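# Per-entry structural report
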Amino acid sequence: MPELAEYVPAEPKPGRFRRGSNTTKLHGMLLKNNKFTGTWCIGMIFFENDIGVDTVKETITKRVLQFPRFRSSYDFKRKGFVELATDELDLEGYHIKIVDETVSVEDVQRDWIGNVYKYFDFDPSKPLWQFTYFKNLDDGRSLLITNISHVIGDGVSQVEVLFRMMDKDESATEVKAPKRRRKPKGRFGFLNKCYIFVEGVFTAIGSAMATPDSEGPLMRRDPTIASEQKKISIAESISLAKLKEIKNKYHDATLNDIMVALLTLTLHGYLDEVEGGKEFLKKKGRVRSSFLINTRSPKAKTTFRDGSPNNKIALGLLRFPLDVNSPANTVYKVKRQLDRVKLSPTPLVQLSLANNLLKVMNEKSAAELFAAAGNQTTAMLSNVPGPQKTAYIQGHKIQDLQFGLYSSNGLYLGLISYDGKVTVGVTLDEQLGDPKEITKHWNIQFDKLYEETMKHEGMVPKPRRTFGWLDKL
C-alpha cells in the first residue's frame, strides 16, 4: 500500500461554501434532529507527562486548522460547509478546553467522555469539534481528547487527522493509506458467489423492515431510547506480534479475522457470566454489529478530499457467532462470515438506496428512519490501525492511543492498534451495565485462544461442516 500523500494546504477563503456528500448530509440531519442520534468520534492521545498548553494550541492552530472543515461551520439548511475567518473561530473559549486540576483516567472516562451527550451542548454555528487537554492525570501523564462530529468526516478519515497531527519524521512516513476490504480468493465457487450477490441485494432492500436484535444483556429493551449517560472502559493491551502468531496458524486468516474472533469470545465470556446471559446464550439470542467499510479507491493515498476529512463509507453487518464450542472454531466461523461480507453487495446497495431516499424524503422523516434502522443492531464496531512504531507530537512521545464513539447504538466496540499493541475500547449505555465487566474478558479470552492455537504443531485444522463442500460450487 502507498504511504499517505503529502498534504497540500487549502488556502483560507472566508465565506467559501463546500457541499457535503450524502453521508455528510445524513449525519447532519441526525445531529439536527436529536443530539442523541448525532455521532461523535472521540480520540484519546496520552503523553508521558505535561506537554504544555502552548504546545497543544500550536498543534491545533498549525496542524488541525489547515484542514478547511475545521475552520468551517456546517450550514444545516444548505447542507454544506461555510469557511470562517480566523477571528470568527472561538478557539480559546469553545474549541480548546484546558483542565488544570489533577484527575484520574477513570474521572475522565466517567465525567467527560461519559457525559458527551449530557453536557456537551455543541454550538451549531461553530465548527463541529472540540479538543480538551488534561494537564495532570494522577499517574503523571497528560491527555488530549479530540471530539469530532461525524459530519466532518468518517472514522477512517478522522484517523488520518490524528496521523497528520503527528510529527512527520517519526510516524507519518510509516503510516499506510487505509485498505479497502480484500476479497477472499478461492473460498467460494461461482454459484455460491451468485447466491451471495442475490441474497445481498434482497437483504439490502429489506433492511429497513428487518427485526431488531434479540433483547438481552447487551440490547436495550427499547432500541430507540438511548441513555444520556454512557460508560467507557479500555481493555489492557495485548501483543500485536502474538496476534500475528495466531493469524499465521489459521488458513487464509487476516488480523482482522483474529481480532473480531477475540471480540466474539470476549462477548461470550461476558454473557456467560452476567445476569440473564446464560439464558440468552441458550436461546441463541442474536447479537449483530455494524462496521465501517471504506469505499475509497484502493489506489487512494489519502482519505481526504479538498484538503479535509470526508464521509465515504458503507456499513457491513456481522452476527457474532456466540454458539461455537471452541476458540479455534470461533476464528473459522468469524472468518467465513467476514469473507461473505467482502463478496456481498449489501453495503453498497444500502448506500445507494439511502442516497436516493435522501432525495425524496423530508428531513425529519429521513432522520427518524435512518436512526431507527441504525438501532436494529446491538453494536457498532470499528478497527483503527494506528502507527506501528512510537509516534510523537511536537517532539513529545505518544504513550498510548485510544478511540471511542458516541452514537445511538447502546454498545460500541473499538479495536485500535498502536506501537505493537492492540486493545479494545467499549462504550456502553448506562442502562446496560458496566463495560469493565466486558473488557476484563479481553485478556482472559486472548490467553485461551493463544494457548489452544499454539497446541497445534502446524496449521489449525478447519472444522468439518456437513455441507461445507457446497461453498466450492
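Provided above is the structure to which this section pertains.
Residues numbered from 1 in each chain as written. Predicted model: local features only at pLDDT ≥ 70, side-chain atom pairs only at ≥ 80, totals over all residues. Heavy atoms only, no water.

### Some points on the sheet that holds strand S2 (residues 40-47)
Strand order in the open sheet formed by 6 strands is S5-S6-S7-S2-S14-S13, with mixed pairing between adjacent strands. With partners counted over all chains shown, the strands left at the sheet margins are strand S5 (96-103) and strand S13 (392-393), one partner each. In terms of strand pairing, strand S6 (residues 129-137) meets strand S7 (residues 142-149) through 6 bridges, oriented antiparallel. Bridging across to S7, Thr 132 finds its partner in Ile 145. The sheet contacts of helix H6 (residues 155-165) involve S2, S6, S7, S13 and strand S14 (396-406), and relative to S7 the element is tilted by about 140°. (Pairing = 2+ DSSP bridges. Helix = DSSP H or I, 4+ residues; strand = E, 2+ residues; numbered from the N terminus. Contact = heavy atoms within 4.5 Å. Axes fitted to C-alpha atoms, helices over the stretch in contact; angles between N-to-C directions.)

### Some words on the nonpolar core
Of all hydrophobic cores here, the largest spans 66 residues; its most connected members are Trp 40, Ile 45, Phe 70, Leu 128, Trp 129, Met 165 and Ile 398. Sort the elements by how many residues they give to this core and S2 lands first, with 7 residues. Leaving out residues up to four positions away in the same chain, Phe 70 has contacts with Val 64, Leu 65, Pro 127, Trp 129, Ile 148, Ile 152, Val 161 and Pro 309. Counting 47 residues, the second largest nonpolar core, distinct from the first, contains Leu 265, Leu 318, Val 331 and Leu 449. (Core = buried A, V, L, I, M, F, W, Y, C linked by side-chain atoms within 4.5 Å. Buried < 20%, exposed > 50% of the residue type's maximum accessible area, 1.4 Å probe, protein only.)

### Digging into helix H9 (residues 255-271)
A turn of α-helix holds 3.6 residues, and therefore any two residues three or four places apart point the same way. The terminal C-alpha atoms of H9, which comprises 17 residues, lie 24 Å apart, in line with the 24 Å expected from a rise of 1.5 Å per residue. Burial analysis of H9 places 14 of its 17 residues in the buried class, the great majority of the element. (Expected span 1.5 Å × (residues − 1).)

### Remarks on unusual backbone geometry
One non-glycine residue, Asp 306, adopts positive backbone phi at about 55°. By the element assignment, Asp 306 lies in the loop between strand S10 (288-294) and strand S11 (313-319). A relative accessible area of 53% means that Asp 306 is categorised as exposed. A positive phi is found at Asp 419, a non-glycine position, where the angle reads about 55°. Among the secondary structure elements, Asp 419 is positioned in the loop between strand S15 (411-418) and strand S16 (421-429).

### Here we look at the side chain of Lys 335
Of note, Lys 335 is situated in helix H11 (residues 327-343). Excluding residues within four positions of it along the chain, Lys 335 makes contact with His 251, Asp 252, Ala 253 and Asp 257.

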